[in-house]
Amino acid sequence: MTDPVAMGPDAPLRITVLGCSGTFAAVDGACSGYLVQGRGTTVWLDAGPGTLANVQRHTTFADIDAVVISHCHPDHWTELPVLRNVLKYVIHRSGVPVHGTAETLAMAEAATHDGLAPTFDWHVISDHATTDIGALRFTFSRTDHPVETLAVRIEDTTTGEAIAYSSDTGPAWSVSSFGADIDLFVCEATLTTDEEGLAPHISAREAGAMAAASGVRRLVLTHHWPGGDVEAQRVAAEATFGRPVELATINERFTL
């Protein structure tokens, strides 16, 4: 499913869902993971369980320019040690940039018997950090979650178009921390309306209200708990967003 023509230097910014289950993978599913591509740049954003199999549908390991991990909860990063083995022992690639929190680095190091380097070149990121990866600019904002968790804004530096990704968050964080002009917001919607406040996450109703208040143009709900009613979540988000809402599904691609 790799599309080499669309990945040329003029390719628009897009995000492909590799996994969208929260906490654990649904049957035939995968946890959090996305492939962000644009202007010839390919970045794997979050690498939850099951996403390594799915990333191969859309790109090759040789074409991944960098990996970005939002936080250390295992449903967002635990394919990293497996990716490291692929790069080190199968395709013999080293120096692949990984951008992640210090907590995630410590856990990933502990999961390998001889360390991440030189296969990975780790860059510790934190609140307000900004880094350019190819033609894409990544900006980070700490969310409302029990561990250091970083939402991500990805900007096409050619057009100024931007995607935002909430990662995991409670209601005390808002995508407005990234400013205006978010064209597409991929936002967690873990809880039902009745569950609001019971866990450090937000509901679809809250996601829609946040996106509307921040002037987001398109809203995609993700981080679905397996067994939940995703259609009911979409309806709840539309009621507060005030326009159609989309659902993340594996292999779905959203293009600006």
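Check the entry above for the structure.
Starting from 1, residues in each chain are numbered consecutively following that chain's sequence as written. Given that the model is predicted, a residue must reach a pLDDT of at least 70 before its local features are reported, and side-chain atom pairs must reach 80 or more before they are shown or counted; all residues, however, enter totals for whole chains, interfaces and linings. In computing side-chain properties, one takes all heavy atoms of the structure into account and sets aside hydrogens as well as water.

A. Geometry of the sheet that holds strand β8 (residues 136-142). Two strands are counted as paired when DSSP detects at least two bridges linking them. For helices the rule is a DSSP run of H or I covering at least 4 residues; for strands it is a run of E covering at least 2, with both sets numbered from the N terminus onward. Ordered by their spatial adjacency, 7 strands build an open sheet running β7-β8-β9-β10-β11-β12-β13, and the pairing between neighbours is mixed. Of all the strands in the sheet, just β7 (130-133) and β13 (246-247) have a single pairing partner and so form its edges. By definition, residues are in contact when any of their heavy atoms lie within 4.5 Å. For helices, the fitted axis covers only the stretch in contact; all axes are lines through C-alpha atoms, and the angles between them, taken along N-to-C directions, range from 0 to 180 degrees. Sheet strands in contact with helix α4 (residues 204-213) are β11 (184-188) and β12 (218-222), and its direction is about 155° off that of β12. Docked against the sheet, helix α5 (residues 230-241) engages β12 and β13, running at close to 150° with respect to β12.

B. Structural context of the pattern of salt bridges. Just to be clear on terms, a salt bridge is a Lys or Arg side-chain nitrogen sitting within 4 Å of an Asp or Glu carboxyl oxygen. Counted by the stated rule, this structure contains 11 salt bridges. Residues K88 and D114 are paired through a salt bridge, measuring 2.8 Å at the closest nitrogen-oxygen approach. Remark: D114 occurs in the loop between α3 (102-110) and β6 (120-124) and K88 occurs in helix α2 (residues 80-90); sequence separation between them is 26 residues. When its relative accessible area of 26% is taken as the criterion, K88 is described as partly exposed. One continuous salt-bridge network, built from bridges that share partners, spans R84, K88 and D114. Each residue's exposure class comes from its accessible area (1.4 Å probe, protein chains only) as a fraction of the maximum for that residue type: buried when under 20%, exposed when over 50%, partly exposed otherwise.

C. The arrangement of α4 in detail. Residues of α4 that are buried include every one of A204, E206, A207, G208, M210 and A211, and no others. For α4, the secondary structure elements touched by its buried residues are β11, β12 and α5. At the N-terminal end of α4, a side-chain oxygen is found 3.4 Å from the backbone nitrogen of R205, two or three residues along, and the residue is S203. Residue G215 follows α4 closely and has a positive phi angle near 75°. A 3.5 Å cut-off defines polar contacts: any pair of N or O atoms within that distance qualifies, except that in protein one atom must be a possible hydrogen donor and the other a possible acceptor, and neighbouring residues in sequence count only when both atoms are side-chain atoms.

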